[in-house]
Amino acid sequence: MTSFNRSTSRRLKKLTQIPSVWEGDRRPLSSPNQQHSDSEAKGECILWVDYSQGLVRGMDVVASEIGPEAIVRTLMQAMEHPQSPARPARPQRIVVKDREIQFYLRGVLQDLDIAIDYAPELPLIDELFRGFTDLLDSQTPDLPPQYAQILREKAFAIWQAAPWEFLEEQQILSIEINKWDVETLYASVMGMLGMEYGILFYRSQESLKRFRAAVLRDEQSTEHLEEAFLKQDCLFLTFESTDETDEDEDEKGDLADLPLSEIDPNFGNIHPLEGLRSVLYDEEALVIFVAIESLSRFIRDRRQELHQDIFPTLSRRYRISLPQSEESTKSVAVTVSTMPQLAAELEEMAGFGDDDQEIGNLGSPTFQSLQDDLIPEDSFLSLGVVSWEMLEYLRKGVSYHPVGEIKQVGDGFPVILIQTSRPKAKTVIERIETAGGLRAICFNPGADPFDGDRYDLGLLQTQNGELFLFGEFLDEDPIHVEARKKWNQRCKKTKGYCGLIIAKGLTGASRGNPQLRDMMALFEGRSLSPKDLGIGTLQLMPQLKFE
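Note that the structure is a prediction, hence the values are computed from the model and not measured.

(A) Layout of unusual backbone geometry. In this structure, P85 follows S84 across a cis peptide bond, with omega equal to 10 degrees. Residues other than glycine seldom take positive phi values, yet N178 does so here, at roughly 55 degrees. With respect to the helices and strands, the residue N178 is situated in strand 6 (residues 173–179). At K495, a position not held by glycine, the phi torsion is positive, near 60 degrees.

(B) Highlighting the sheet that holds strand 6. Pairing is antiparallel in the open sheet, where eight strands are placed in the order 11-10-9-8-7-6-13-12. Looking along the sheet, the strands with just one partner apiece sit at the ends: strand 11 (275–277) and strand 12 (315–321). The mean inter-strand angle of the sheet, taken between neighbouring strand axes irrespective of direction, is 25 degrees. As judged from the five bridges shared by strand 6 and strand 7 (residues 182–190), these two strands associate in the antiparallel manner. Note that in strand 7 the partner of L173 across the bridge is A187.

(C) Inspection of the layout of surface pockets at higher detail. Taken as a whole, the second largest pocket spans an internal volume of roughly 240 Å³. Forming the walls of the second largest pocket are D372, I375, P376, E377, S379, L381, L469, F470, G471 and E472. Residue composition of the lining of the second largest pocket, grouped by class: five nonpolar, two polar and three charged.

(D) Examining the nonpolar core more closely. With 51 residues, the main nonpolar core has I158, I175, I177, F201, F239 and F267 as its most contacted residues. Top contributing element to this core by residue count: helix 9 (residues 282–306), with 12 residues. Residues in contact with F267, not counting those within four places in the same chain, are L143, L151, R152, A155, F236, L237, S278, V279, L280, I288 and I292. Core analysis: the next-biggest nonpolar cluster, separate from the first, contains 26 residues, A70, V96, Y104 and I114 among them.

(E) The packing of helix 1 (residues 6–13) against helix 3 (residues 69–80), seen in detail. Running from N to C, helix 1 and helix 3 point in directions that differ by 40 degrees, and their axes come no closer than 11 Å. Taken as axis vectors, helix 1 and helix 3 run oblique relative to one another. The element helix 1 and its partner helix 3 pack so that their crossing is left-handed. Listed contacts from helix 3 to T8, R11 and L12 of helix 1 are M76, M79 and E80.

(F) Here's a closer look at helix 13 (residues 422–434). The terminal C-alpha atoms of helix 13, which comprises 13 residues, lie 18 Å apart, in line with the 18 Å expected from a rise of 1.5 Å per residue. Residues of helix 13 that are buried: A425, V428, I429 and I432. Looking straight down helix 13, one finds its buried side chains confined to an arc of 95 degrees; they lie on one side. Of the residues in helix 13, the exposed ones pointing more than 90 degrees away from the buried face are P423 and T434. The inward-facing, buried residues of helix 13 abut strand 17 (438–447), strand 18 (454–462), strand 20 (497–503) and strand 21 (519–528). Residue G436 follows helix 13 closely and has a positive phi angle near 95 degrees.

(G) Just a nonpolar patch on the surface, in detail. A cluster of nonpolar side chains, F229, L230 and L276, forms an exposed patch at the surface whose accessible area comes to about 230 Å². Relative to the helices and strands, L276 resides in strand 11. The class for L276 is partly exposed, based on a relative accessible area of 45%.

(H) Local environment of the side chain of R27. Take R27: it is sitting in strand 1 (residues 17–28). Judged by relative accessible area, R27 falls into the buried class, the value being 16%. Within the local environment of R27, its side chain forms a polar contact with the side chain of D25, the two groups lying 2.5 Å apart. Contact partners of R27, with chain neighbours within four places excluded, come to E44, C45, K97, I125, D126 and F129.

(I) Spatial organisation of the environment of P28. Positionally, P28 belongs in strand 1. Sequence separation between P28 and V62 is 34 residues, and the spatial gap between their C-alpha atoms is 9.6 Å.

(J) Summary view of a negative patch on the surface. The grouping of D451, D453, D475 and E476 at the surface amounts to a negative patch. Counting through the fold element by element, D475 comes out in the loop between strand 19 (467–474) and helix 14 (478–493). A relative accessible area of 37% means that D475 is categorised as partly exposed.

Analysis parameters
Residues numbered from 1 in each chain as written. Predicted model: local features only at pLDDT ≥ 70, side-chain atom pairs only at ≥ 80, totals over all residues. Heavy atoms only, no water. Helix = DSSP H or I, 4+ residues; strand = E, 2+ residues; numbered from the N terminus. Pairing = 2+ DSSP bridges. Axes fitted to C-alpha atoms, helices over the stretch in contact; angles between N-to-C directions. 1 Å grid on protein atoms, 1.4 Å probe; cavity = no way out; pocket = protein on both sides within 12 Å on 5 of 7 lines; lining within 4 Å. Points joined across faces, edges and corners; volume = space filled by probe spheres on them. Nonpolar A, V, L, I, M, F, W, Y, C, P; charged D, E, K, R; others polar. Core = buried A, V, L, I, M, F, W, Y, C linked by side-chain atoms within 4.5 Å. Buried < 20%, exposed > 50% of the residue type's maximum accessible area, 1.4 Å probe, protein only. Contact = heavy atoms within 4.5 Å. Parallel < 35°, antiparallel > 145°, perpendicular 65-115°, else oblique. Left-handed = near helix turned anticlockwise from the far one by under 90°. Expected span 1.5 Å × (residues − 1). Arc of directions from axis to C-beta. Patch = residues over 30% accessible without salt bridge, like charges linked within 9 Å, V, L, I, M, F, W, Y side chains within 5 Å. Areas by Shrake-Rupley, 256 points an atom, 1.4 Å probe, with all protein chains shown as cover. Salt bridge = Lys/Arg side-chain N within 4 Å of Asp/Glu carboxyl O. Polar contact = N/O pair within 3.5 Å; in protein donor to acceptor, adjacent residues only side chain to side chain. Lys, Arg positive; Asp, Glu negative; His and termini not counted. Charge placed at Lys NZ, Arg CZ, Asp CG, Glu CD.

Structure representation (structure tokens):
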């Protein structure tokens, strides 16, 4: 058994011993009448009170797995650093209601001349814990207990469906419910930028448009943005990491990279007169259950169409069975529809049309046959990112061809890196420079009509309109699919700006991992979608060239 150091015992014995009886105990913090998550149920409260004076001298909350030493540490605080208005002192007698604690304290405190007794009841501590229990029982849980588990299950289903991989925030889906005083919800999916993941279910188009307009008007004003945020009228589902450590936003990484066990769904309500409330009441829980379930089914049924570059017109009706409740209704008919017209209106409001026109002009030169002789066949190729710090080094240390002012948003600058031998790298650089420099980078669909394979073709467009093939990737290659997902997210953050790095050292020690000294040129350009390029699916011709 661990005991005090002699110096600690001498120090404690110097405290004035007062003729009082102290009660001590350790009990679970949660109320037995409430359902709690594991993290909440593990906490235990340690209390030391002066029964003679009716004072709390020491209190601490510890994890349930912490050993009996914790109750001694709290007792030392109660003696040497008690809560006000008590003063440092040593009791004559201690009473506990746990035999194990009694025997443990007798061994630890044997040199302090304190009697350690047992009692089946501790009146003052019992009264205090009853007060704690009443307080816990009076608190409203974040979710109605009867719906908590099924709502979390539906939230995880949405997380795994990942609608943010193909739906942008302005691509609104309407969910017509006509129940619980809710006619239609307007779902806005967050997450394509890899920053915040979730779904906002607006109760009206007016609230959605008003918030978007306020954000565009006051995007530089934190105070005004917060005011606009609190004036929304919506239910929400958001996702966070279970790791609540205080970490800089820029260092947290992408939530989508975490395993499901480290994802935590959160529900709530925002209203101009209520503000933000992270609690759902019964009717709200049923509304958001129906909304999430119908949205999950729609995404499952229409996933392929929703992946199209053009936001399609789609609609589907579902009958959603309700979880057990006091509701007499057993199911609700729900209609989920896309809203291309509203999406176009929101894009116009955000000025997306101007960007589209600028990008559209990039792809406007008359299409000539695709050339595949720019990039050497044995080159190493990768889709990746360079840090903003590395980008500054590159701009100063290599042949640099800028495209415009690029805001440093996200984890870095998206780049295509091509590594070849030094002579071949010089030839590639000279050809791009002769063509006026890099205009754009695009991934365009390709197909082989002979074996049915479908490809994602990496294309470089130069300023004179020429197109060069730099890579052929099978659509079903999971590594490329993940790399493309990251590429799209990063280009979205940089407003379409990206780059091409040409490096040497293919036959040296840095093969496949070129260092700064190996990089010879940086061409900045814009990322184009197949729609922007406007050349359709390229077919493999018999001469083995995509044309």
